[in-house]
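# Architecture at a glance
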Amino acid sequence: MFTVQKFENTPIDSVTYIITNPENNLAIVIDPGTENDDRLLDYFEKNAVIPKFIFLTHEHFDHILGVNYLRSQFPEIEVIASDKTSERLPNPKKNLAIFHNQINLVVQQADILINEGKFSWINLNFEVFRTPGHTDSSISISLENSFFSGDFLLQGSRIVTNLPTGSKKQYQESIEKYDHLLKGLTIYPGHGESYIYE
Ligand SMILES: [Zn+2]
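Remember, it's a predicted structure, so these values are computed and weren't measured experimentally.

### Details of the packing of aromatic side chains
One pass over the full model with this rule turns up 14 aromatic pairs. Measuring from centroid to centroid gives 6.1 Å for phenylalanine 7 and tyrosine 43, while their planes differ by 80°, and the two rings are edge-to-face. Of this pair, phenylalanine 7 sits in strand S1 (residues 3-8) while tyrosine 43 sits in helix H1 (residues 38-47), placing them 36 residues apart in sequence. The pair formed by phenylalanine 7 and tyrosine 43 is uniform in burial state, with each residue classed as buried.

Here it is in structure tokens:
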């Protein structure tokens with residue numbers, strides 16, 4: 001059993017999710033995309049939740065803007081990302097921050113590198129999938145019938161594949177590869193509302 005809490009980010013409307021295991025009150029934060037986000041701290045405090053991990057679906061600034069703050073507030077927290085995402089976190093040209101209001105965003109590399117596979121974190125069984133297309137670094141994570149897709153899946157809008165390392169061909173291959181697995185799952189995308197994949 002687990003709970004999912006959703007937070008919409010600013011200045012870009014990406015979405016942050018907090019997955020909590022109510023049996024031990026430990027949590028994973030997916031894509032913290034607002035700088036100095038005190039809403040997350042309030043949530044942890046009110047619910048006596050301890051954030052153990054940050055999971056990053058890819059390196060774009062609107063998915064990582066809150067990482068530095070969470071690391072400063074929770075020195076024990078560990079950041080999980082793909083190897084390519086991790087390499088690009090410290091580079092504001094590669095995390096694209098510099099192209100948006102020239103935010104000079106530098107995030108230190110991940111603590112745990114994961115490209116795919118099954119993992120037990122906070123006593124819950126997750127699976128990580130390589131889902132390139134939006135970027136070549138993109139990964140998604142599933143938990144039971146929930147699938148946290150980052151920018152790999154968005155309801156009703158076309159996926160952006162023309163940013164650096166994006167590829168329409170890779171995106172189509174990812175969709176073909178996972179189409180069967182995704183059917184019936186609840187998708188928690190990196191932007192917008194969650195939905196059932198059909
Ligand atoms: Zn993105």
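### Examining the coordination of the zinc ion
The zinc ion binds to the protein through His58 (NE2), His60 (ND1), His134 (NE2) and Asp151 (OD), with metal-donor distances spanning 2.1 to 2.5 Å. For the zinc ion, the 4 donor atoms are set out with angles of 85 to 175° between them, so the coordination reads as irregular. When the donors of the zinc ion are listed by position in the chain, the intervening gaps give H-x1-H-x73-H-x16-D. In this pair, histidine 60 is assigned in the loop between strand S4 (50-55) and helix H2 (61-64) and aspartate 151 in the loop between strand S10 (146-150) and helix H5 (168-182), connecting sequence segments 91 residues apart. Just as histidine 60 is buried, aspartate 151 falls in that class too.

### Let's talk about the sheet that holds strand S7 (residues 117-121)
With respect to topology, 6 strands assemble into an open sheet ordered S7-S8-S9-S10-S11-S12, the strand pairing being mixed. Lying at the two open borders of the sheet, with one neighbouring strand each, are S7 and strand S12 (195-196). Pairing of S7 with strand S8 (residues 124-130) involves 5 bridges; the strand directions are antiparallel. When the bridges of S8 are listed, glycine 117 appears paired with valine 128. Across the sheet, H5 touches S8, S10 and strand S11 (186-189), and the angle it forms with S8 is around 155°.

Analysis parameters
Residues numbered from 1 in each chain as written. Predicted model: local features only at pLDDT ≥ 70, side-chain atom pairs only at ≥ 80, totals over all residues. Heavy atoms only, no water. Phe/Tyr/Trp six-rings, centres within 6.5 Å; stacked < 30°, edge-to-face > 60°. Helix = DSSP H or I, 4+ residues; strand = E, 2+ residues; numbered from the N terminus. Buried < 20%, exposed > 50% of the residue type's maximum accessible area, 1.4 Å probe, protein only. Donors = N, O, S within 2.8 Å, 3.2 Å for Na, K, Ca; no water. Tetrahedral: all angles 85-135°; square planar, octahedral: opposite > 155°, others 65-115°. Pairing = 2+ DSSP bridges. Contact = heavy atoms within 4.5 Å. Axes fitted to C-alpha atoms, helices over the stretch in contact; angles between N-to-C directions.

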